[in-house]
Amino acid sequence: MLNLILFGPPGAGKGTQSEKILSQYGLKHISTGDLLRAERSAGTDLGNKANDFISKGELVPDAVVIGMVKNYMTENVDANGFIFDGFPRTIAQAEALDSMLQEFNTEISIVLGLEVEEDELVKRLLLRGETSGRADDQNEETIRNRFQEYLNKTLPIQNYYSEKNKYNGVVGIGDIDEIFSQLCSHLDKF
Ligand code: C5P
Ligand code: MG
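Residues numbered from 1 in each chain as written. Chains lettered and ligands numbered in written order. Predicted model: local features only at pLDDT ≥ 70, side-chain atom pairs only at ≥ 80, totals over all residues. Heavy atoms only, no water.

K.L.:
Would you explain the site of ligand 1 in this entry?
P.N.:
The full set close to ligand 1 counts 14 residues, and Arg37, Glu58, Val60, Gly86 and Arg89 are the nearest of them. Within the backbone of glutamate 58, a nitrogen or oxygen atom sits 2.6 Å from an oxygen atom of ligand 1. The separation between an oxygen atom of ligand 1 and a polar main-chain atom of valine 60 is 2.6 Å. Notes on ligand 1: free accessible area 450 Å², of which the protein chains cover 96%. Among the elements that make up the shell around ligand 1, the one with the highest residue count is helix α2 (residues 32-42) (four residues). (Near = heavy atom within 4 Å. Polar contact = N/O pair within 3.5 Å; in protein donor to acceptor, adjacent residues only side chain to side chain. Areas by Shrake-Rupley, 256 points an atom, 1.4 Å probe, with all protein chains shown as cover. Helix = DSSP H or I, 4+ residues; strand = E, 2+ residues; numbered from the N terminus.)

Here it is, written out as C-alpha coordinates:
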(Lines give C-alpha, C1' and ligand atoms only; values in the text may rest on other atoms or scores of the structure.)
(Ligands and ions follow the chains in the order given, each with its own letter.)
Protein backbone atom coordinates (compact mmCIF):
# COMPACT_ATOMS: atom_id res chain seq x y z
CA MET A 1 0.00 0.00 0.00
CA LEU A 2 0.99 3.60 -0.61
CA ASN A 3 -0.31 5.77 2.19
CA LEU A 4 0.31 9.46 1.69
CA ILE A 5 -0.38 12.37 3.99
CA LEU A 6 -0.77 15.52 1.96
CA PHE A 7 0.17 18.10 4.55
CA GLY A 8 -0.10 21.86 4.62
CA PRO A 9 -2.10 24.84 5.85
CA PRO A 10 -5.63 25.64 4.65
CA GLY A 11 -5.49 26.82 1.04
CA ALA A 12 -2.12 25.23 0.28
CA GLY A 13 -3.60 23.17 -2.58
CA LYS A 14 -4.13 19.80 -0.84
CA GLY A 15 -7.52 19.19 -2.46
CA THR A 16 -6.34 20.21 -5.92
CA GLN A 17 -3.23 18.04 -5.79
CA SER A 18 -5.15 15.11 -4.23
CA GLU A 19 -7.41 14.97 -7.30
CA LYS A 20 -4.41 14.74 -9.59
CA ILE A 21 -2.58 12.19 -7.44
CA LEU A 22 -5.52 9.86 -7.01
CA SER A 23 -6.18 9.63 -10.74
CA GLN A 24 -2.52 8.84 -11.42
CA TYR A 25 -1.87 6.41 -8.54
CA GLY A 26 -5.30 4.86 -7.94
CA LEU A 27 -5.51 5.76 -4.27
CA LYS A 28 -8.56 6.45 -2.11
CA HIS A 29 -8.93 10.07 -1.05
CA ILE A 30 -9.89 10.87 2.54
CA SER A 31 -10.63 14.54 3.05
CA THR A 32 -11.89 14.90 6.61
CA GLY A 33 -13.08 18.45 5.82
CA ASP A 34 -15.25 17.06 2.98
CA LEU A 35 -16.54 14.27 5.25
CA LEU A 36 -17.46 16.79 7.96
CA ARG A 37 -19.23 19.04 5.44
CA ALA A 38 -21.15 16.02 4.09
CA GLU A 39 -22.28 15.16 7.64
CA ARG A 40 -23.39 18.75 8.08
CA SER A 41 -25.37 18.76 4.80
CA ALA A 42 -27.02 15.49 5.82
CA GLY A 43 -27.98 17.17 9.10
CA THR A 44 -26.57 14.38 11.28
CA ASP A 45 -25.81 14.92 14.98
CA LEU A 46 -22.11 14.76 14.24
CA GLY A 47 -22.52 17.31 11.42
CA ASN A 48 -24.45 19.74 13.60
CA LYS A 49 -21.85 19.55 16.36
CA ALA A 50 -18.99 19.94 13.88
CA ASN A 51 -20.60 23.03 12.37
CA ASP A 52 -19.98 25.10 15.51
CA PHE A 53 -16.27 24.46 15.20
CA ILE A 54 -16.05 24.80 11.42
CA SER A 55 -17.84 28.16 11.36
CA LYS A 56 -15.35 29.57 13.88
CA GLY A 57 -12.36 28.10 12.09
CA GLU A 58 -11.59 25.84 15.04
CA LEU A 59 -10.68 22.18 15.01
CA VAL A 60 -13.32 19.54 15.68
CA PRO A 61 -12.41 17.31 18.68
CA ASP A 62 -9.98 14.48 17.93
CA ALA A 63 -12.32 11.61 18.83
CA VAL A 64 -14.93 12.74 16.30
CA VAL A 65 -12.51 13.02 13.40
CA ILE A 66 -10.61 9.86 14.28
CA GLY A 67 -13.88 7.89 14.41
CA MET A 68 -14.83 9.16 10.95
CA VAL A 69 -11.49 8.15 9.44
CA LYS A 70 -11.67 4.73 11.06
CA ASN A 71 -15.12 4.15 9.51
CA TYR A 72 -13.91 5.23 6.10
CA MET A 73 -10.87 2.95 6.22
CA THR A 74 -12.92 -0.01 7.43
CA GLU A 75 -15.27 0.46 4.47
CA ASN A 76 -12.29 0.57 2.08
CA VAL A 77 -10.02 -2.22 3.31
CA ASP A 78 -9.36 -3.36 -0.27
CA ALA A 79 -7.82 0.00 -1.28
CA ASN A 80 -4.34 0.25 -2.87
CA GLY A 81 -3.64 3.00 -0.42
CA PHE A 82 -4.97 6.28 0.90
CA ILE A 83 -4.34 9.98 0.49
CA PHE A 84 -5.03 11.69 3.80
CA ASP A 85 -5.98 15.29 3.06
CA GLY A 86 -6.55 17.60 6.01
CA PHE A 87 -5.90 14.76 8.47
CA PRO A 88 -4.12 14.34 10.85
CA ARG A 89 -4.52 17.87 12.25
CA THR A 90 -3.07 17.20 15.72
CA ILE A 91 -0.38 14.97 17.23
CA ALA A 92 -3.14 12.88 18.87
CA GLN A 93 -4.68 12.32 15.42
CA ALA A 94 -1.28 11.38 13.98
CA GLU A 95 -0.74 8.81 16.74
CA ALA A 96 -4.24 7.41 16.25
CA LEU A 97 -3.64 7.16 12.50
CA ASP A 98 -0.39 5.28 13.05
CA SER A 99 -2.14 2.71 15.22
CA MET A 100 -5.09 2.36 12.83
CA LEU A 101 -2.72 1.67 9.94
CA GLN A 102 -0.87 -0.83 12.09
CA GLU A 103 -4.15 -2.70 12.57
CA PHE A 104 -4.36 -2.90 8.76
CA ASN A 105 -0.73 -4.14 8.70
CA THR A 106 0.49 -1.05 6.93
CA GLU A 107 1.93 2.40 7.71
CA ILE A 108 2.37 5.94 6.42
CA SER A 109 4.68 5.75 3.40
CA ILE A 110 5.41 9.44 3.06
CA VAL A 111 4.27 12.89 4.15
CA LEU A 112 4.39 15.60 1.48
CA GLY A 113 3.98 19.15 2.76
CA LEU A 114 2.80 21.98 0.51
CA GLU A 115 4.58 25.06 1.84
CA VAL A 116 2.80 28.40 1.30
CA GLU A 117 2.98 31.55 3.43
CA GLU A 118 0.05 33.10 5.30
CA ASP A 119 -0.75 36.15 3.15
CA GLU A 120 -0.86 34.04 -0.03
CA LEU A 121 -3.19 31.57 1.74
CA VAL A 122 -5.56 34.31 2.84
CA LYS A 123 -5.67 35.66 -0.73
CA ARG A 124 -6.35 32.20 -2.18
CA LEU A 125 -9.06 31.32 0.33
CA LEU A 126 -10.92 34.62 -0.11
CA LEU A 127 -10.85 34.02 -3.87
CA ARG A 128 -12.06 30.43 -3.39
CA GLY A 129 -14.80 31.79 -1.13
CA GLU A 130 -16.31 33.63 -4.09
CA THR A 131 -17.29 30.29 -5.64
CA SER A 132 -16.88 27.54 -3.00
CA GLY A 133 -20.01 28.44 -1.07
CA ARG A 134 -17.96 27.85 2.09
CA ALA A 135 -18.69 30.47 4.75
CA ASP A 136 -15.30 29.74 6.35
CA ASP A 137 -13.61 30.87 3.10
CA GLN A 138 -15.45 34.18 3.02
CA ASN A 139 -14.34 35.87 6.22
CA GLU A 140 -10.74 36.99 6.72
CA GLU A 141 -10.96 36.65 10.51
CA THR A 142 -12.12 33.03 10.25
CA ILE A 143 -9.39 32.28 7.73
CA ARG A 144 -6.71 33.77 9.99
CA ASN A 145 -8.12 31.75 12.89
CA ARG A 146 -7.85 28.56 10.81
CA PHE A 147 -4.22 29.48 10.16
CA GLN A 148 -3.60 30.04 13.90
CA GLU A 149 -5.09 26.61 14.65
CA TYR A 150 -2.74 25.22 12.02
CA LEU A 151 0.30 26.88 13.62
CA ASN A 152 -0.63 25.85 17.17
CA LYS A 153 -1.96 22.34 16.68
CA THR A 154 -1.10 21.03 13.23
CA LEU A 155 2.42 22.26 12.45
CA PRO A 156 3.98 20.14 15.27
CA ILE A 157 3.05 17.10 13.16
CA GLN A 158 5.74 18.12 10.69
CA ASN A 159 8.36 17.38 13.34
CA TYR A 160 6.62 14.17 14.36
CA TYR A 161 7.07 12.80 10.83
CA SER A 162 10.49 14.41 10.26
CA GLU A 163 11.75 12.38 13.20
CA LYS A 164 10.51 9.27 11.40
CA ASN A 165 12.25 10.49 8.19
CA LYS A 166 8.92 10.68 6.40
CA TYR A 167 8.43 14.42 5.90
CA ASN A 168 9.26 16.12 2.60
CA GLY A 169 8.40 19.74 1.90
CA VAL A 170 7.52 21.05 -1.55
CA VAL A 171 7.12 24.70 -2.56
CA GLY A 172 3.38 25.12 -2.93
CA ILE A 173 3.45 28.34 -4.95
CA GLY A 174 3.59 28.35 -8.74
CA ASP A 175 2.18 26.32 -11.58
CA ILE A 176 -0.20 23.53 -10.45
CA ASP A 177 1.29 20.97 -12.87
CA GLU A 178 4.81 21.92 -11.84
CA ILE A 179 3.94 21.33 -8.18
CA PHE A 180 2.26 18.05 -9.14
CA SER A 181 5.42 16.82 -10.87
CA GLN A 182 7.44 17.67 -7.74
CA LEU A 183 5.03 15.54 -5.71
CA CYS A 184 5.25 12.72 -8.27
CA SER A 185 9.04 12.68 -8.08
CA HIS A 186 8.66 11.74 -4.39
CA LEU A 187 5.79 9.29 -4.93
CA ASP A 188 7.50 7.45 -7.78
CA LYS A 189 10.02 6.08 -5.27
CA PHE A 190 7.27 3.79 -3.95
O1 C5P B 1 -9.63 20.36 5.71
P2 C5P B 1 -10.53 21.54 5.52
O3 C5P B 1 -9.78 22.81 5.34
O4 C5P B 1 -11.56 21.32 4.47
O5 C5P B 1 -11.31 21.68 6.90
C6 C5P B 1 -12.30 22.67 7.09
C7 C5P B 1 -12.65 22.74 8.54
O8 C5P B 1 -13.09 21.47 9.01
C9 C5P B 1 -11.50 23.12 9.47
O10 C5P B 1 -11.30 24.51 9.53
C11 C5P B 1 -11.99 22.55 10.78
O12 C5P B 1 -12.97 23.35 11.38
C13 C5P B 1 -12.64 21.25 10.34
N14 C5P B 1 -11.70 20.10 10.37
C15 C5P B 1 -11.29 19.64 11.61
N16 C5P B 1 -10.45 18.55 11.70
C17 C5P B 1 -10.01 17.94 10.59
C18 C5P B 1 -10.40 18.41 9.33
C19 C5P B 1 -11.26 19.52 9.25
O20 C5P B 1 -11.66 20.18 12.63
N21 C5P B 1 -9.18 16.87 10.70
MG1 MG C 1 -9.34 20.82 1.27
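Moving on, there is more to tell.
K.L.:
I would appreciate a short explanation of the packing of α2 against helix α3 (residues 45-56) in the present structure.
P.N.:
A pair of packed helices can be characterised by two numbers: the angle between their axes and the separation between those axes. The geometry of α2 relative to α3 is characterised by a closest axis approach of 7 Å and an angle of 120° between their N-to-C directions. Here α2 lies oblique to α3, going by the angle between them. Classified by chirality, the crossing of α3 by α2 is left-handed. In this structure, α2 contributes Leu36, Glu39 and Arg40 to the contact, and α3 contributes Leu46, Gly47, Ala50, Asn51 and Ile54. Of the residues in the contact of α2 with α3, the class split is four nonpolar, two polar and two charged. (Axes fitted to C-alpha atoms, helices over the stretch in contact; angles between N-to-C directions. Parallel < 35°, antiparallel > 145°, perpendicular 65-115°, else oblique. Left-handed = near helix turned anticlockwise from the far one by under 90°. Contact = heavy atoms within 4.5 Å. Nonpolar A, V, L, I, M, F, W, Y, C, P; charged D, E, K, R; others polar.)

K.L.:
Explain the packing of aromatic side chains here, please?
P.N.:
To describe a pair of aromatic rings, you give the distance between the ring centres and the angle between the ring planes. In total, this model carries seven aromatic pairs according to the counting rule given. Both rings, one in phenylalanine 7 and one in tyrosine 150, keep their centres 6.0 Å apart while their planes meet at 45°; by these two values the pair is tilted. On the criterion of sequence distance, the pair formed by phenylalanine 7 in strand β1 (residues 4-7) and tyrosine 150 in helix α7 (residues 140-154) is long-range, its members being 143 residues apart. By the burial criterion, phenylalanine 7 is buried, and tyrosine 150 matches it. Ring plane angle 90° and centroid distance 6.1 Å describe the contact between phenylalanine 7 and tyrosine 167, whose orientation is recorded as edge-to-face. Here the residue phenylalanine 7 occupies a position in strand β1, and tyrosine 167 occupies one in strand β5 (residues 167-171), the gap between them amounting to 160 residues. (Phe/Tyr/Trp six-rings, centres within 6.5 Å; stacked < 30°, edge-to-face > 60°. Buried < 20%, exposed > 50% of the residue type's maximum accessible area, 1.4 Å probe, protein only.)

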